[in-house]
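Each chain is listed here by its residues.
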Amino acid sequence: MATIKFQANSPYTQAKQIAHPSDYRHEQYLVNAGLSRRKVKHDIEVASHLQVINVALFALGRAGSIHLGNIMKNPRLNLKYLVEPSVEKLERVAREWRLPPSALLTPDQQGVVFGDEELHGVVIATPTHLHRDLVTKALKAGKAVLCEKPIAEEMESAKHCYEIAQKTGKPLICAFNRRFDPSFCQLQKEVQAGAIGQVHLVKTVARDSPLPSIEYLKQSGGIFHDCAVHDIDLICWVMGEYPVEVYGAASSFIPEVRDIGDHDTVAFTMRFSSGALSMTDLSRNAVYGYDQRLEAFGPKGMLSAHNERPYQIRRATEAGDTEPPILHSFPSRYYEGYVRELDHFCDVVQGLDDNLLSGENTLRVSIIASALDESVKTGQAVKVTY
């Protein structure tokens, strides 16, 4: 009876309970239920012809398969065309998603896509060497473009793509999906709001799982342009600035990776004009799962985003205190990020938001990746010129 003095009034007599602002899933529930409106930058009436956005998806590789599922589940999108060289894969996916025969195209039929005046956008998830051609054709045909990174293999080609986007007035979005991860988004917002004061240090860890195939690595563009660009973009976005000097070190422990002239293990630092520093470690082969961590430190404290697990259960037995392994690979780890990335694409096409991934940012990230590659080759720190 000693605690009876703490007895509270009935909860029915108190103020109604409301969700904490951090519960973005509850916010989405309210929107789905018609109890709230989506928060957008430009609160305008969407043009009638853009109420449903007709899109074409190029390729059903790793990223393309993720985009396919998300396109089919998004009420604002209609998959009008699916372009894929493997007829067997096209037929299998058509059965799974009940796609009409008119939607199924092979690359030699891509002219249908670019000649369709009712098509609003194109999602490109092909191998890198095909990006430039598809991006330019789509933009010149008046289509908005969401393209997996990089936009093109060479810097000049990427610049050319963005010049066309500017001339045509159509958005070109490079798919840095980690920017749309809920945890990383929240961390960036709090850093930019001053939660830890002036940023002193940002640290990221990105260790791949499962080990990519050698066939993929041969055409990936190398670990800096394939993997490190995600961390570079993430760090610069959190910091709100770009580095002035970088230093990288790399090793090849896996013989097959060494034989193709690439690296499987990388560490790099970046120095910013504000005095802030960043540190990153990358690996192609984390046997325990897809290891993705982000931390920001300043005079007022620290913010960190940790690995995610399939479910939140701790098991304590005679074998020890254990949890499920962290998520296996990027489709599961960044599931929410891919969904929100596609929503951002829809918002940009419908005029509800501005493109958060400008051409200037994407080109600068590529310049930084090249500087890190040079640093590894020379063993010296490299000053970055934009």
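The model shown is predicted, which means the values in this text are computed figures rather than measured ones.

Asker: Can you explain the packing of aromatic side chains? Please cite residues and give values.
Answerer: Following the criterion strictly, the structure yields five aromatic pairs and no others. Between F184 and Y334 the ring centres are 6.2 Å apart and the planes differ by 55°, which places this aromatic pair in the tilted class. Of the two residues, F184 is situated in helix 7 (residues 182-192) and Y334 in the loop between helix 11 (330-333) and helix 12 (335-350); the sequence distance between them amounts to 150 residues. Judged by relative accessible area, Y334 falls into the buried class, the value being 2%. In textbook terms, an aromatic cluster arises when at least three aromatic residues are bridged by ring pairs, as seen for F184, Y290 and Y334. One cation-aromatic arrangement involves R340 over Y24; the distance from NZ or CZ to the ring centre is 5.4 Å. Sitting over the face of the ring of Y386, R364 holds its NZ or CZ atom 4.5 Å from the ring centroid.

Asker: Which residues make up the sheet that holds strand 9 (residues 265-272), and what values go with them?
Answerer: What the seven strands build is an open sheet, ordered 12-11-7-10-9-8-15; its pairing is mixed. In this open sheet, the two edge strands, each paired with only one partner strand, are strand 12 (301-305) and strand 15 (382-383). Here five bridges tie strand 11 (residues 291-298) to strand 12, and the two strands are oriented antiparallel to one another. Paired with G298 across the bridge in strand 12 is G301. Along the sheet, helix 7 contacts strand 11 and strand 12; its crossing angle with strand 12, the most-contacted strand, is approximately 160°. Against the sheet, helix 13 (residues 359-378) touches strand 8 (243-251), strand 9 and strand 15, its axis set at about 50° to strand 8.

Asker: Tell me about the sheet that holds strand 4 (residues 121-124), and name the residues and values.
Answerer: Strand order in the open sheet formed by six strands is 3-2-1-4-5-6, and the pairing between neighbours is parallel. The open sheet has two edge strands, strand 3 (104-105) and strand 6 (172-174), and neither has a second partner. Across two bridges, strand 2 (residues 77-83) lies against strand 3 in parallel orientation. Bridge pairing links L82 to L104 in strand 3.

Asker: Describe the nonpolar core, naming the residues involved and giving the relevant values.
Answerer: Counting 99 residues, the largest nonpolar core has V113, L172, F224, I232 and F268 as its most contacted members. With twelve residues, the top contributor of residues to this core is helix 9 (residues 223-239). Apart from the residues within four sequence positions on either side, L172 is in contact with V135, L139, V145, I151, C161, Y162, A165, N355 and L357.

Asker: Any chance you could break down the state of the cysteines for me, citing the residues and the numbers?
Answerer: For the structure on display, the rule yields zero disulfides. As a non-bridged cysteine, C161 has C147 as the owner of its nearest cysteine sulfur, 7.8 Å distant. Residue C185 stays outside any disulfide, its sulfur separated by 16 Å from that of C236, the closest cysteine. Using a relative accessible area of 12% as the deciding quantity, one classes C185 as buried.

Asker: Quick rundown of the pattern of salt bridges? Include the residues and the values.
Answerer: Taken as a whole and judged by the stated rule, the model has 27 salt bridges. Across the salt bridge formed by E27 and K39, the nearest N and O atoms sit 3.5 Å from each other. Of this pair, E27 sits in helix 1 (residues 24-32) while K39 is found in the loop between helix 1 and strand 1 (53-58), placing the two residues twelve residues apart along the sequence. A relative accessible area of 66% places K39 in the exposed class. In this structure, R284 engages D226 in a salt bridge whose closest nitrogen and oxygen atoms are separated by 3.0 Å.

Asker: Explain the side chain of S209 to me, and be specific about the residues and the numbers.
Answerer: Position of S209 relative to the elements: it lies in the loop between strand 7 (201-207) and helix 8 (214-218). By relative accessible area, S209 is classed as buried at 4%. In this structure the side chain of S209 is engaged in a polar contact, spanning 2.7 Å, whose partner is the backbone oxygen of H328. When neighbours within four sequence positions are excluded, S209 is seen to be in contact with A286, G289, Y290, H328, S329 and F330.

Reading the values: rules and limits
- Residues numbered from 1 in each chain as written.
- Predicted model: local features only at pLDDT ≥ 70, side-chain atom pairs only at ≥ 80, totals over all residues.
- Heavy atoms only, no water.
- Phe/Tyr/Trp six-rings, centres within 6.5 Å; stacked < 30°, edge-to-face > 60°.
- Helix = DSSP H or I, 4+ residues; strand = E, 2+ residues; numbered from the N terminus.
- Buried < 20%, exposed > 50% of the residue type's maximum accessible area, 1.4 Å probe, protein only.
- Lys NZ or Arg CZ within 6 Å of the ring centre and 35° of its normal.
- Pairing = 2+ DSSP bridges.
- Contact = heavy atoms within 4.5 Å.
- Axes fitted to C-alpha atoms, helices over the stretch in contact; angles between N-to-C directions.
- Core = buried A, V, L, I, M, F, W, Y, C linked by side-chain atoms within 4.5 Å.
- Disulfide = S-S within 2.5 Å.
- Salt bridge = Lys/Arg side-chain N within 4 Å of Asp/Glu carboxyl O.
- Polar contact = N/O pair within 3.5 Å; in protein donor to acceptor, adjacent residues only side chain to side chain.

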